[in-house]
Amino acid sequence: MNDPDASPGSEPDASATDEDAGPACVLVFNANDPSGAGGLSADAVAIASVGAHALPVVTGSYARDSAEIFDHFSFDEEAVTEQARAVLEDMAVQVIKVGFVGSPENLSAIAELTADYADVPVVAYMPNLSWWEEDQIDAYLDAFQELLLPQTTVLVGNHSTLWRWLLPDWSAQRSPSPRDIAKAAADKGAPYTLVTGILLPEQHVDNVLATPQTVLASARFELFEAQFTGAGDTLSAALAALLASGAELGEAVGEALTYLDQSLDGGFRPGMGHVLPDRMFWAQPEDGEEGEGGEEEAGTEADNDDGAVRH
C-alpha cells in the first residue's frame, strides 16, 4: 500500500467476534540480534509493548555485542519466503515492518511478498550500514531502492543515513530538508518519509514526517549524552504496531516518538558497550529506586544514526 492519498491506519475487522478479537498483527522481517540491542527481539518487545502482536520472520543473524557488529549471516530467500507465507496464509496481517534483511535476494523475496499483499501498509527502516563491506552496502542499497521502496508506505531513517543513500550527489551548501529527502524517496515510490535525528542548535534534534509537498508532523527533543544502539528498530517497530492498531499516521508518529523517548530515558547498559533502550520501561517499579548508573545512563546524547532523542 503506497497510495499517498490513503491513510496507512487500519480499521479493525468488523466481522470479528469478541472471542476472536485480539491484538493487531505485524509481520516483521529482520535479523536476529543476540545482544538484544536491535533486530527481531527489539521489534517483538516494542510491538508488544504498544499493544500489537509480532509475527517475526528471521532473515539472518548478526554476530555482535552491545558495542559493535562483527558479522552478519544471511538466510537464503527461500527460507525467508516460506516463513512469511506460512503466517500470511493463516493470519490477518495489518502492517508489515522491514528492518535489515541481509541480502538483495531477501529484499527481492520480500518485495514480491508485499506486492502480493498490496493492501497491507509497509514500514521500512534503513539503518546505518557502515559496519559492512562497501560492495555489500552498495548492492543492498541499490536493491532496496529498486525493489522495496516502490512497495514501502513509510520509510524511516536517520537524516544523515537517508541523505547519503537517497541524495548522494547533493551539492547545495545547506543540508537537504526532510521534504528534499521525502521527494527522493517518493521518486522511488515511497509516499511518506520519517526523517529522524536532524541536528539543531543548542543540542536539540528534530524528527519530521514529510511528503514531497509538505511536513505532516514534527517533534523536537534534546540530545542524550549516552550512545544508544537499537533506537531505530524501536521507533519503526512501534510505528508499525500503532498503525496496525488503527492509529492515523500523524498520531502514530507522535506516539512512536514519545515511546522511543521514554524507552531511551529508561535506557540501561547490560554489557561494556552502548546503552540499550528499555522497551518495557512502563513495567519497572515506580518506587523511585534506580539501578546502578540509571540516572547517568538515561541522560542526553544519542547515536546519530539511530536518531535517539529525549525531551
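Residues numbered from 1 in each chain as written. Predicted model: local features only at pLDDT ≥ 70, side-chain atom pairs only at ≥ 80, totals over all residues. Heavy atoms only, no water.

(A) Quick peek at the side chain of Gln 145. Tracing the sequence through the fold places Gln 145 in helix H4 (residues 134–148). Given the relative accessible area of 17%, Gln 145 is considered buried. Apart from residues lying up to four places away in sequence, Gln 145 is in contact with Pro 150, Trp 165, Leu 166 and Lys 188. (Helix = DSSP H or I, 4+ residues; strand = E, 2+ residues; numbered from the N terminus. Buried < 20%, exposed > 50% of the residue type's maximum accessible area, 1.4 Å probe, protein only. Contact = heavy atoms within 4.5 Å.)

(B) Expanded view of the pairing of strand E2 (residues 53–64). Here strand E1 (residues 25–32) runs beside E2; their pairing, made up of 7 bridges, is parallel. What sits directly across from Val 28, in E2, is Pro 56. The β-α-β motif built from E1, the intervening helix H1 (residues 39–49) and the parallel element E2 has right-handed crossover chirality. Of the pairings in the sheet, the one linking E2 to strand E3 (residues 69–74) comprises 5 bridges and is antiparallel in character. If you follow Gly 60 over to E3, its bridge partner there is Ser 74. Linking E2 back to E3 in an antiparallel pair, the connection comprises 4 residues. (Pairing = 2+ DSSP bridges. Right-handed = clockwise from strand over helix to strand, strands pointing away.)

(C) Structural view of the sheet that holds strand E7 (residues 192–200). An order of E3-E2-E1-E4-E5-E6-E7-E8-E9 is seen for the 9 strands of this open sheet, with the pairing classed as mixed. This sheet does not close on itself; its edge strands, each paired only once, are E3 and strand E9 (215–222). Neighbouring strand axes in the sheet, compared pairwise and without regard to direction, differ in orientation by 20° on average. As paired elements, strand E5 (residues 122–126) and strand E6 (residues 154–158) share 4 bridges and run parallel to each other. When the sheet's bridge partners are listed, Met 126 is paired in E6 with Gly 157. Relative to E7, helix H6 (residues 178–187) is tilted by about 150°, and along the sheet it contacts E6, E7, strand E8 (204–210) and E9. (Axes fitted to C-alpha atoms, helices over the stretch in contact; angles between N-to-C directions.)

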